[in-house]
Amino acid sequence: MGLFDAFKKQLLKVIEWTDPTGNTLVHKFDMQDREIMMGSSLTVRESQVAIFVNKGQIADIFQPGNYKLTTDNMPILTKLMSWKYGFDSPFKAEVYYVNTKQFTDQKWGTMNPIMMRDAEFGMVRIRGYGKYSFKVDDPAVFLKELFGTNSTFETEDIQNYLKSILIEGISDTIAEQKLSALDLAANYREISQKVKEQIDPEFKKIGLTLANVVMENISLPPEVEKMMDTRTSMGVMGDKMGTFMQYQAAHAMRDAAQNQGNGMAGAGMGLGAGVTIGQIYADTMKSATAAPAASSGPAAPAAVPGAVCPKCGASVNANAKFCPACGEKLAVKASCPKCGAEVPAGSKFCPECGEKLGDLKCRKCGHELKPGAKFCPECGEKQ
């Protein structure tokens, strides 16, 4: 009786499986010391596929549904086992359940920076992370290519391999798009779609399909981001940069003055800040005064240097007859009739050519001229 009970335990009447983990891709049904009875019930739930394997060769594949195993719904296995019609004896076979649901929330991230050529920043290193989802598209191919002889196969057994394929595709896509680092964030959706189109054929080679790719973040190195923040701040300030620098310098002076604990260091800081703000103020005032000067129109011609008043010492025009400061009558200079050089009034000889002057006369008519006369009163000749 005990032997008969043991024999009964080896015969399977119901074959079914549920995934308690939620991340199992393939589960091998435990067939150790067991045989399948002809007419047994096979249950395949939605998002499952059951595969019968005989001596390492894939036989019949069952889609979701409830089956009563007979030679009619196991044609490949019947042929491999050489069963005759109506065969009803127990048989041995391996049964694999393949989970065909979509495995979501699979994370990816760049272990090493991706090098890209940026039109604005040159060569830059970027990092990124996000999520993706996949599912088994061809259970038979997946069983052949990746499962092997394992008893179970979970997502963590393949995630590193899939992640490497994904990051390679992301690197190629970003390079092909030739986007600036500043424009990457605005094109996450487009990049994700391009990556999916490029990588999905690689997934299909191993019986999978890439359902979705999500780009959560693509970032630059911290030092580059800091420079970008500084550049943005400068752009916001615009033509108020001088005022902002004065404001910053004033705060630096205040902080240095309040820093009582640093002794000479605080004094030195305050002195440096004072020099800085003084220079900034000087440059600002120079710019402020230069602008009106540049826009005020043509400059007035410089005054022609003249004589000096013998009484008050004020500067007077060379042709002036009276001092504009004190009203003193100025000496009138005459010109030499020979060389035309100016001759001080009362001079007897020309200081330029030595000509004896005496009474000045017109060079044309010889009429006597008064000192300083520019025209002859007789003939009108210019002297």
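Residues numbered from 1 in each chain as written. Predicted model: local features only at pLDDT ≥ 70, side-chain atom pairs only at ≥ 80, totals over all residues. Heavy atoms only, no water.

Caption draft 1: Here's a closer look at the overall build of the chain. For the chain, the helix and strand inventory stands at eight helices and 14 strands. The buried share of the chain, taken over its 383 residues, is 30%. Nonlocal contacts in the chain, meaning residues at least 24 apart in sequence, comprise 54% of its contacts between residues at least 6 apart. (Helix = DSSP H or I, 4+ residues; strand = E, 2+ residues; numbered from the N terminus. Buried < 20%, exposed > 50% of the residue type's maximum accessible area, 1.4 Å probe, protein only. Contact = heavy atoms within 4.5 Å.)

Caption draft 2: Focus on helix α4 (residues 159-177). Its 19 residues place the ends of α4 27 Å apart at the C-alpha level, agreeing with the 27 Å of an ideal helix rising 1.5 Å per residue. Inspection of α4 places Leu162, Ile165, Leu166, Ile167, Gly169, Ile170, Thr173 and Ile174 among the buried residues, and these make up the whole buried set. In this structure, the buried residues of α4 make contact with β8 (103-109), β9 (114-118), β10 (122-136), α5 (188-204) and β12 (208-219). Downstream of α4 by one or two residues, Lys178 has phi in the positive range, about 55 degrees. (Expected span 1.5 Å × (residues − 1).)

Caption draft 3: Structural view of the confidence of the model for the chain. Summing up the model confidence of the chain, the mean pLDDT is 78 and the portion of residues at 70 or higher is 76%. Averaged pLDDT values over the elements of the chain bottom out at 48 in helix α1 (residues 2-9) and peak at 94 in strand β7 (residues 94-99). Scored below 50 in pLDDT, residues 1-7 shows zero contacts in the model against residues more than four places distant or in partner chains. (pLDDT = per-residue confidence, 0-100.)

Caption draft 4: View of the sheet that holds strand β6 (residues 65-68). Here we have three strands laid out as an open sheet, ordered β1-β3-β6, and mixed in their pairing. Looking at strand neighbours, the two that pair on one side only are β1 (11-15) and β6, the edges of this open sheet. Averaged over all adjacent pairs, the angle separating strand axes in this sheet is 15 degrees, with direction ignored. Where β1 lies against strand β3 (residues 35-44), four bridges are found, and the strand directions are parallel. Within β3, the residue paired with Val14 across the bridge is Ser41. (Pairing = 2+ DSSP bridges. Axes fitted to C-alpha atoms, helices over the stretch in contact; angles between N-to-C directions.)

Caption draft 5: Structural detail: the packing of α4 against α5. At a minimum axis distance of 9 Å, the contact between α4 and α5 shows a crossing angle of 135 degrees. On the basis of their axis angle, the class for α4 and α5 is oblique. Of the two elements, α4 crosses α5, and the hand of that crossing is right-handed. Residue-level inspection shows Leu162, Ile165, Leu166, Gly169, Ile170, Asp172, Thr173, Ile174, Glu176 and Gln177 of α4 in contact with α5, the latter providing Ile191, Lys194, Val195, Gln198, Ile199, Glu202 and Phe203. Considered class by class, the residues forming the contact of α4 with α5 number nine nonpolar, four polar and four charged. (Parallel < 35°, antiparallel > 145°, perpendicular 65-115°, else oblique. Left-handed = near helix turned anticlockwise from the far one by under 90°. Nonpolar A, V, L, I, M, F, W, Y, C, P; charged D, E, K, R; others polar.)

Caption draft 6: Representation of the nonpolar core. The biggest cluster of nonpolar side chains holds 44 residues, and the ones touching the most others in it are Leu25, Val26, Ile126, Phe134, Ile158 and Leu208. In this view, Ile158 contacts Leu25, Phe134, Phe142, Leu146, Phe153, Ile206 and Leu208; residues no more than four positions away in its chain are not counted. Core analysis: the second largest hydrophobic core is formed by 21 residues, Ile15, Leu69, Met74 and Leu77 among them. (Core = buried A, V, L, I, M, F, W, Y, C linked by side-chain atoms within 4.5 Å.)

Caption draft 7: Looking closely at the side chain of Thr110. Relative to the helices and strands, Thr110 resides in the loop between β8 and β9. Overall, Thr110 belongs to the buried group, its relative accessible area being 13%. Residues contacting Thr110, with those up to four places away along its chain left out, are Arg127, Gly128 and Ile167.

Caption draft 8: Representation of the sheet that holds strand β4 (residues 48-54) within the structure. Ordered by their spatial adjacency, five strands build an open sheet running β5-β4-β7-β2-β11, and the pairing between neighbours is antiparallel. Two strands lie at the open edges of the sheet, namely β5 (57-62) and β11 (152-154), each paired on one side alone. Each neighbouring strand pair of the sheet contributes to a mean axis angle of 20 degrees, computed without reference to strand direction. With four bridges joining them, β4 and β5 adopt antiparallel strand pairing. Paired with Val53 across the strands is Ile58, a residue of β5. Of the strands in this sheet, β2 (24-28), β4, β5, β7 and β11 are in contact with helix α3 (residues 139-147), which crosses β4 at around 60 degrees.

Caption draft 9: Spatial organisation of the pattern of salt bridges. Taken as a whole and assessed by the stated rule, the structure comprises seven salt bridges. With its nearest N and O atoms 3.7 Å apart, the salt bridge here joins Lys107 to Asp105. Under the relative-accessibility criterion, Lys107 is labelled exposed at 54%. In this structure, Glu202 and Lys205 form a salt bridge, with 3.5 Å as the shortest nitrogen-oxygen distance. (Salt bridge = Lys/Arg side-chain N within 4 Å of Asp/Glu carboxyl O.)

Caption draft 10: Layout of the packing of aromatic side chains. Evaluation of the coordinates by the stated rule reveals eight aromatic pairs. Between Phe147 and Phe153, the ring centres sit 6.3 Å apart and the planes meet at 70 degrees, which makes this aromatic pair edge-to-face. Phe153 shares its class with Phe147; the two are buried. Among the aromatic side chains, those forming a connected cluster through ring pairs are Tyr96, Phe142, Phe147 and Phe153. (Phe/Tyr/Trp six-rings, centres within 6.5 Å; stacked < 30°, edge-to-face > 60°.)

Caption draft 11: Structural detail: unusual backbone geometry. In this structure, Asp105 takes a positive phi of about 60 degrees despite not being glycine. Note that Asp105 resides in strand β8. Positive phi outside glycine occurs at Lys178, with the angle close to 55 degrees. The residue Lys178 is located in the loop between α4 and α5 in this model. Assessed through its relative accessible area of 73%, Lys178 is described here as exposed.

Caption draft 12: Inspection of α3 at higher detail. Along α3, the residues that are buried comprise Pro139, Ala140, Phe142, Leu143 and Phe147. In an axial view of α3, the angular spread of the buried residues amounts to 165 degrees, which keeps them on one side of the axis. Just downstream of α3 lies Gly148, where phi reads positive at about 70 degrees. (Arc of directions from axis to C-beta.)

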